[in-house]
Amino acid sequence: MVYSQILQQDKKKQDFSFLWYLIPAIILLVGTGIFIRKRGKNRKKDNKFSTSKSETDSLIFTVPDKPYFNRDRACICLLGSFNVKSKTGENITSSFTPILKSLLLLILLNTEKDNRGITSKKLDDLLWGDKNEKSARNNRNVSISRLRLLLEKVGNIQIVNDNNFWKIVLGDDVFCDYHTALNYIDEATKTTVHDEEFFNKVLELLLYGPLLPNTESDYLDSFKSHYSDITIDLLHLLLHKEEFQNNDKFRLKIADSIFQHDSFNEEALRIKCSIFCRNDKMGIAKSIYDNFCKEYQTLLGEKYGLSFNDVTKEE
């Protein structure tokens, strides 16, 4: 009798022992499912109104995937973010102290605005306004010497003093996206006859983003505003050019670039939603519209006035 009871107890233990192996497996599967779900939500949240590469790949192709401009070495980048790389490809952005960064930006931006550059007095007032004239001058001279040493790592860049004006002269071996973008914008607005490659280069530059979006300072506001204004003007001009009316991928990238400067641009919204609807991607179009409305409500405190049907029928 005792022996049979022992057998029954051993059998029960065997019946439930498999649970010790099953429980970890269940926990692993549940954890994996939660991770995948969260990852998917984060991706959707980060996309906002931008068009991903996979979404545009199924549309009309003309914009090349290989970049025309190299921002991997010997470059000063101001579009999208402040980034400086040496001639060997080393990222030396962190070597720029707040004063050296401001000094570089003030001289470079004013050189692009007016070839003479910026006066010593204006530099002193903006960067060392709390010091007397002699102390400000000493600080300026020391900072310019340090800046010159840093820029030597980038390439042939000269900081020139001409009749009390400071300016920067970039060598052919150095790429500055802001400098190049201004030249292309000027060329694109002055003349109307250009080949497709030219406009592909323009679009690549403009897609880098707005001027120094993560750098805040009063002296930058006018430069930022001017760059956004001339960029949006050009992009609207390109949208209405006859040769691009049937080029969906090109127009999508124009709309993406407009959104980088103007988050609530209705024309860009209409273009994106209409193109995806026309290419039987109603889900993507509706997602773009819904995200637009959500951001509009959050930031402006009111509902967006046009329905999805209103937006898609106007293109």
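What you are looking at is a predicted structure, and each value in this text was computed from that prediction instead of being measured. (Residues numbered from 1 in each chain as written. Predicted model: local features only at pLDDT ≥ 70, side-chain atom pairs only at ≥ 80, totals over all residues. Heavy atoms only, no water.)

Draft legend 1. Region of the structure containing the overall build of the protein chain. Assigned secondary structure in the protein chain consists of 13 helices and 6 strands. Taking all 315 residues of the protein chain together, 41% fall into the buried category. For the protein chain, the proportion of contacts with a sequence separation of at least 24, taken over those separated by at least 6, is 62%. (Helix = DSSP H or I, 4+ residues; strand = E, 2+ residues; numbered from the N terminus. Buried < 20%, exposed > 50% of the residue type's maximum accessible area, 1.4 Å probe, protein only. Contact = heavy atoms within 4.5 Å.)

Draft legend 2. Spotlight on unusual backbone geometry. You will see that N163, though not glycine, has its phi angle at about 55°, which is positive. Residue position: N163 is located in the loop between β4 (157-162) and β5 (165-170). With relative accessibility at 65%, the residue N163 sits in the exposed group. In the Ramachandran plot, L212 falls in the positive-phi region, its phi being about 45° despite a non-glycine side chain. Note that L212 resides in the loop between α8 (196-206) and α9 (221-239). Given the relative accessible area of 1%, L212 is considered buried.

Draft legend 3. Summary view of the pattern of salt bridges. The final tally for this structure, using the stated rule, is 11 salt bridges. A salt bridge links R71 to D177; the nearest nitrogen and oxygen atoms lie 2.8 Å apart. Remark: D177 occurs in helix α7 (residues 177-190) and R71 occurs in the loop between α3 (53-57) and β1 (75-77); sequence separation between them is 106 residues. A residue is classified by how much of its surface remains accessible, and D177, at 0% relative accessible area, is buried. The salt bridge involving D290 is made with K286; its shortest N-O contact spans 2.9 Å. Of this pair, D290 and K286 are both found in helix α12 (residues 282-300), 4 residues apart, which corresponds to roughly one turn of the helix. The exposure class of K286 is partly exposed, given its relative accessible area of 34%. (Salt bridge = Lys/Arg side-chain N within 4 Å of Asp/Glu carboxyl O.)

Draft legend 4. Structural context of the sheet that holds β1. Pairing in this open sheet of 3 strands is mixed, and the strands run β2-β1-β6 from one edge to the other. Strands at the two margins of the open sheet, each flanked by one partner only, are β2 (83-85) and β6 (175-176). As paired strands, β1 and β2 are joined by 3 bridges and run antiparallel to one another. The residue bridging I76 from the neighbouring strand is V84, located in β2. (Pairing = 2+ DSSP bridges.)

Draft legend 5. Structural view of the packing of helix α10 (residues 248-261) against helix α11 (residues 266-278). For the pair α10 and α11, interaxial distance at closest approach is 9 Å and the crossing angle is 150°. The two elements α10 and α11 cross, and the hand of that crossing is left-handed. Within the contact between the two elements, α10 uses D248, R251, L252, A255, D256, I258 and F259 and α11 uses A268, L269, I271, K272, I275, F276 and R278. When grouped by side-chain class, the residues that make up the contact of α10 with α11 number 9 nonpolar, no polar and 5 charged. (Axes fitted to C-alpha atoms, helices over the stretch in contact; angles between N-to-C directions. Left-handed = near helix turned anticlockwise from the far one by under 90°. Nonpolar A, V, L, I, M, F, W, Y, C, P; charged D, E, K, R; others polar.)

Draft legend 6. Region of interest: the layout of surface pockets. Taken as a whole, the second largest pocket holds about 220 Å³ of empty space. Among the secondary structure elements, those contributing two or more residues to the lining of the second largest pocket are α4 (98-113), β5, β6 and α7. Among the elements that make up the lining of the second largest pocket, the one with the highest residue count is β5 (4 residues). Taken together, the residues of the lining of the second largest pocket sort by class into 7 nonpolar, 5 polar and 3 charged. (1 Å grid on protein atoms, 1.4 Å probe; cavity = no way out; pocket = protein on both sides within 12 Å on 5 of 7 lines; lining within 4 Å. Points joined across faces, edges and corners; volume = space filled by probe spheres on them.)

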